Each structure stands twice: as C-alpha cells, then as structure tokens.
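Examining the three-dimensional arrangement
Residue strings, one per chain:
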Amino acid sequence: MPPLSFALAILLLLATPGPTNTLLWLSGAAVGMRRSLPLLLGELGGYLTVIAPVAVLAAPLLSAHPEIGLLLKLAAACWILFMAHALWTMKAHSASERPIASGQVLATTLLNPKALVIALVIMPQHGLLAMLPWFLGLAALTLSAGALWIAAGSILARLPRRPVGPRLPRRIAAACLVAFSFGIAGSALASML
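Figured I'd write up the structure that's included with this text. Computed from a predicted structure; not experimentally measured. (Residues numbered from 1 in each chain as written. Predicted model: local features only at pLDDT ≥ 70, side-chain atom pairs only at ≥ 80, totals over all residues. Heavy atoms only, no water.)

So, on to the packing of helix 2 (residues 19-31) against helix 7 (residues 102-110). Orientation of helix 2 relative to helix 7, taken along the N-to-C sense of each, is 160 degrees, at an axis distance of 8 Å. With respect to their mutual orientation, helix 2 and helix 7 come out roughly antiparallel. With respect to the hand of their crossing, helix 2 and helix 7 are arranged in left-handed fashion. Judged by residue contacts, Pro19, Thr20, Leu23 and Leu24 of helix 2 engage Gln104, Val105, Thr108 and Thr109 from helix 7. Among the residues forming the contact of helix 2 with helix 7, the class breakdown is four nonpolar, four polar and no charged. (Axes fitted to C-alpha atoms, helices over the stretch in contact; angles between N-to-C directions. Helix = DSSP H or I, 4+ residues; strand = E, 2+ residues; numbered from the N terminus. Parallel < 35°, antiparallel > 145°, perpendicular 65-115°, else oblique. Left-handed = near helix turned anticlockwise from the far one by under 90°. Contact = heavy atoms within 4.5 Å. Nonpolar A, V, L, I, M, F, W, Y, C, P; charged D, E, K, R; others polar.)

This part covers the environment of Ala52. With respect to the helices, strands and loops of the structure, Ala52 is situated in helix 4 (residues 39-64). The class of Ala52 is partly exposed, set by a relative accessible area of 22%. Considered as a pair, Ala52 and Leu37 are 15 residues apart in the sequence and their alpha carbons are 23 Å apart. (Buried < 20%, exposed > 50% of the residue type's maximum accessible area, 1.4 Å probe, protein only.)

By themselves, these figures tell us nothing about what the structure is for.
Set out below in structure tokens:
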C-alpha cells in the first residue's frame, strides 16, 4: 500500500467514533485538553500492543482459526458495554473527582476492533524491521487523531452547561458505546451464521 493511501486509511479509521475516541472526547470535555493529553499514551500503547504482534505473527493463525477472531469480538463488545454502563451510572459530581485514566484508555484500545482492522487489513504484511517505518507513521497518525478527539471534547466543555446539564456528555458517550458494542456483537454473531 502506498504511504498516502496508508495514511488516509488510518486517518479515516481513527476519525470514526468508537470506544477509544469516545473516552478521549469525554476526557477532553471533563478535564480539558492539557490534562487529557497523557491519555494518548494509553491509546498508542494499546494500538501498538495489538497491532504489532497481530500484523507480524497472528495473521496466519487468525486466518486458519476464525473462531479466535469471534471470541475477540465478543470480548471487545462486553468490555465496551461495561464502559458504557460505568459512564451512564457515574454520579455528576464524581466526573471531576475521577477523570478517565490512561489504564481505561489502554484496556479499551486493546479490545478496540479498529486495532485488528489496522493489523490485518491496512498494515503491510512484512517482517518486523520492514514494518518499523509503517509503525512510526501509525504512531504519528494515532497521536494526531486522538488529540483532535480530545480537542473536540474540550470545545464541548466551553459551551454553556446550564441548558444541557453536567451529565449529558457522559450520557452521549455511553449511548455511543452501547451502539458500538451492539454493532460488534452483531457482526460477531452474523459471522457465525
């Protein structure tokens, strides 16, 4: 895949709403841009932890055993649903006391199906050393897209809050996560038929 096509494919995928982006957006809305930037390390670590071994080692295994991919999708759907429940039930005053942690972003990204799409579809299937420039490009694009999601959340925080209430951003994020979770679970179940 040419570098420009690679960059566009990665940016398009990372620009779409999903579980990791929802957490970044929500953190930007809750604590602002500067305090949310460390979450990008959790996102990048999660993506690289999944993408590197899958692209280099696991692609043949997943092709030979599709049931492993099915189990990964169902695990991701369950984790995302759990995160949605936690966001929905969080008390209004606790959002500033317990901001989203890098560990939450890391765990969510580890289970994010986008990582498998990047590893199995977008990343060139070469040896690890030949893939290093592609991983550097992926890292730069991931940090850029994540920062844009945080910035979008911080812009939301600057809007007047009284008409919408302090829970609305978390409720919107939770609803997005539920929809995403059902989409993943539906895709996994449809592949069984």
